[in-house]
Amino acid sequence: MHKIDFDLVEMTMDTMKYVIDRVSSTTTKIGKPKKAEELKALVGETVTEKGIGGEYAFKLWRKHLAGANVPVDHPRNLAFVPASPTRAAIMFDLVTAASSIHGAYWMEGAGGIFCENEAMRWMVSLTGLPEGAFGVFTSGGTAANLSAIVTAREYWRNSDAEHKSQKGLIITSIGAHSSVKAMAKVADIDVVLVDTEDCLEKEALQDAINALSPKEKRRLFAVVGTGGTTNAGIIDDLEGIAQVCEQENLWFHVDAAYGGGALMAQSVKHLFKGIDKADSITIDPHKWMFSPYDCGAVIYKNPELAKDAHSQEGSYLDIFKDEGAHGFNPTDYQIQLTRRVRGLPLWFSLAMHGTDKYKEAVERGIELAQIAGRLIEEMPHVELVRDPSLSCVLYRRIGWEPDDYTHWTYENHKSGFALVTPTKWKTGNTFETVSRFCFINPDTTEEDIRMILETMA
């Protein structure tokens, strides 16, 4: 398996041709899933004692398996939070894999970690955090949020001996990303949810804190605000939340996994006022910073607190702390020991294109949301649920029931035309099923949006 022969060289050429075709293509099919039984019937047994050969396995991938995926960078894939990695980032993701760099410690991965840190410095500069703030790349928003909250919890525990025997408590809103509740379960902490899917305001947060019992107040150690909700692109009152956190001596974490890219956009950056007062921030470059999956990031105002929480000990790791191995060790600042240098593709794309191009691409996503809002207002069969925010647009098809949205989604996807999925929006005490756009790909056009809306007529 590890020898170089003619078959390997030929397979390498086939692989590179596939990559070149994919990277240079402007007509990618949207793809659709098949049931596991269908795929099994098409490809048969692929993992066998003797192997089926690289050429045949690759043929199966191209003929049957590649098309059973939905490319996140298709211009009419507007579901969830899609992605649109630059071609430069995709190409350098290949270099990253081929270079076989272990990105946990400087001793092994100095060159790769240096490049990651160059990209990270630029990201930190967008937040306005004070000098000394820094961060690391993670597998995504969930890992970043978990790393931040574990750091906050350990800081809280170490601040008072009483806290070591208590189960921690955090506050966020129902509009926060699902990963906040997921990471709280992993960290074994409780979550109090403020009942608003719109902007979490200072007053509502203070009311939620005041409603806690004395025992619960002693367990409260952090607040999670959102810098661009996944559902609607809403930015919480970050300035107000920061003030409450300072008064109550609480850790302030901002989940800007999706919205963090908009810190580049002058048209909306003012909406993030207060993010510079956060103790930690999550941003996902694989969302609105045009990196390939998987690439998240967590940034700390005081990285040493993260190091205290996450640095691992073991006799086999002592060498990495030796004077001859001094340097920045990413593993010390987040939950993973083993890690790839997943920030490398972002660094290369930034170095190749410059940050101005990134700003233009983010502004285009915001512009597309405004265009969609205008088109919706012009069409008699649809209406806005709320004004577009960042690159998210919530809208309803007048007269439709929840099943109508689901049927419409599957019909458009089945035909290979578009993937736009429904969501729910809380109005009063009820949740209404509505449709949703999220624009990331600058190649999406006004005509794409118009055609999608017209399929609802």
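Right above here is the structure, for reference.
Student: I'd like a description of the overall build of the protein, backed by residues and values.
Tutor: If you tally the helices and strands in the protein, you get 16 helices and eleven strands. Taken against the 2.2 N^0.38 rule, which gives 23 Å for 457 residues, the C-alpha radius of gyration of the protein at 23 Å falls within 12% of a compact globule. For the protein, the proportion of its 457 residues judged to be buried stands at 51%. Excluding contacts between residues fewer than 6 apart, the proportion of contacts in the protein whose partners are at least 24 apart in sequence is 72%. With the model as given, the accessible surface of the protein reaches about 21,700 Å², and the carbon-plus-sulfur share is 53%. For the protein, the distance from the average position of its 48 positive side-chain charges to the average position of its 63 negative side-chain charges is 4 Å.

Student: Let's hear about a positive patch on the surface: which residues, and what values?
Tutor: There is a patch of like positive charges on the surface, built from Lys29, Lys32, Lys34 and Lys414. Take Lys29: it is sitting in the loop between helix H1 (6-24) and helix H2 (36-43).

Student: Account for the pattern of salt bridges, with residues named and values stated.
Tutor: According to the stated counting rule, one finds 26 salt bridges in the structure shown. A salt bridge links Asp276 to Lys277, with the nearest nitrogen and oxygen atoms 4.0 Å apart.

Student: Which residues make up the layout of surface pockets, and what values go with them?
Tutor: One water molecule sets the probe size; rolling that probe over the atoms shows where empty space is left. Within this model, the largest pocket holds a volume of roughly 1,300 Å³. Counted by class, the lining of the largest pocket contains 17 nonpolar, ten polar and eleven charged residues. Space inside the second largest pocket adds up to approximately 600 Å³. Listed by contribution, the elements that provide at least two residues to the lining of the second largest pocket are H1, helix H4 (87-99), helix H13 (344-353) and helix H14 (355-378). Split by residue class, the lining of the second largest pocket holds eleven nonpolar, nine polar and six charged.

Student: For the packing of helix H8 (residues 202-210) against helix H10 (residues 238-248), give the residues involved together with the corresponding values.
Tutor: Close contact between H8 and H10 brings their axes to 8 Å; oriented N to C, the two are set at 30°. By the angle between their axes, H8 is roughly parallel relative to H10. Our pair here, H8 against H10, has a crossing hand that is right-handed. Mapping the contact onto sequence places Lys202, Leu205, Gln206 and Ile209 in H8 and Gly240, Ile241, Gln243, Val244, Gln247 and Glu248 in H10. By residue class, the composition of the contact of H8 with H10 is four nonpolar, four polar and two charged.

Student: So what's going on with H13? Which residues, and what values?
Tutor: Along H13, the residues that are buried comprise Leu344, Pro345, Leu346, Ser349 and Leu350. Buried residues belonging to H13 abut H4, helix H5 (106-127), strand S1 (134-138), helix H11 (285-288) and H14. Among the residues trailing H13, Gly354 stands out with phi positive, at a value near 85°.

Student: Lay out the packing of aromatic side chains in plain terms, naming residues and giving numbers.
Tutor: All chains considered together, the criterion is met by 16 aromatic pairs. When the centroid spacing of 5.6 Å and the interplanar angle of 70° are considered together, the rings of Tyr18 and Phe58 count as edge-to-face. Of this pair, Tyr18 sits in helix H1 while Phe58 is found in helix H3 (residues 54-65), placing the two residues 40 residues apart along the sequence. Exposure remark for Tyr18: the relative accessible area of 28% places this residue in the partly exposed category. Relative to Tyr333, the ring of Phe328 has its centre 5.0 Å away and its plane inclined at 5°; by these criteria the two rings are stacked. For Tyr333, a relative accessible area of 8% puts it in the buried group. By way of ring pairs, the aromatic residues Phe92, Trp347 and Phe348 are connected into one cluster.

Student: Explain unusual backbone geometry to me, and be specific about the residues and the numbers.
Tutor: Here the bond from Tyr293 into Asp294 is cis, since omega is -10°, no more than 30 degrees from zero. Although it is not a glycine, Asn249 adopts a positive phi angle of roughly 60°. Position of Asn249 relative to the elements: it lies in the loop between H10 and strand S5 (251-255). Residue Asn249 is classed as exposed on the basis of its relative accessible area of 70%.

Student: How would you explain the nonpolar core if you had to name every residue and give the values?
Tutor: Met123, Ile171, Ile281 and Trp288 are the most contacted members of the largest nonpolar core, which totals 71 residues. In terms of residue count, H5 provides more of this core than any other element does, eight residues in total. Not counting chain neighbours up to four residues away, the residues in contact with Met123 comprise Phe137, Ile283, Pro285, Met289, Ala297, Ile299 and Leu346. Membership of the second largest hydrophobic core comes to 23 residues, among which are Leu78, Leu375, Val382 and Tyr405.

Basis of the calculations
- Residues numbered from 1 in each chain as written.
- Predicted model: local features only at pLDDT ≥ 70, side-chain atom pairs only at ≥ 80, totals over all residues.
- Heavy atoms only, no water.
- Helix = DSSP H or I, 4+ residues; strand = E, 2+ residues; numbered from the N terminus.
- Rg over C-alpha atoms; globule rule 2.2 N^0.38 Å.
- Buried < 20%, exposed > 50% of the residue type's maximum accessible area, 1.4 Å probe, protein only.
- Contact = heavy atoms within 4.5 Å.
- Areas by Shrake-Rupley, 256 points an atom, 1.4 Å probe, with all protein chains shown as cover.
- Lys, Arg positive; Asp, Glu negative; His and termini not counted.
- Charge placed at Lys NZ, Arg CZ, Asp CG, Glu CD.
- Patch = residues over 30% accessible without salt bridge, like charges linked within 9 Å, V, L, I, M, F, W, Y side chains within 5 Å.
- Salt bridge = Lys/Arg side-chain N within 4 Å of Asp/Glu carboxyl O.
- 1 Å grid on protein atoms, 1.4 Å probe; cavity = no way out; pocket = protein on both sides within 12 Å on 5 of 7 lines; lining within 4 Å.
- Points joined across faces, edges and corners; volume = space filled by probe spheres on them.
- Nonpolar A, V, L, I, M, F, W, Y, C, P; charged D, E, K, R; others polar.
- Axes fitted to C-alpha atoms, helices over the stretch in contact; angles between N-to-C directions.
- Parallel < 35°, antiparallel > 145°, perpendicular 65-115°, else oblique.
- Left-handed = near helix turned anticlockwise from the far one by under 90°.
- Phe/Tyr/Trp six-rings, centres within 6.5 Å; stacked < 30°, edge-to-face > 60°.
- Core = buried A, V, L, I, M, F, W, Y, C linked by side-chain atoms within 4.5 Å.

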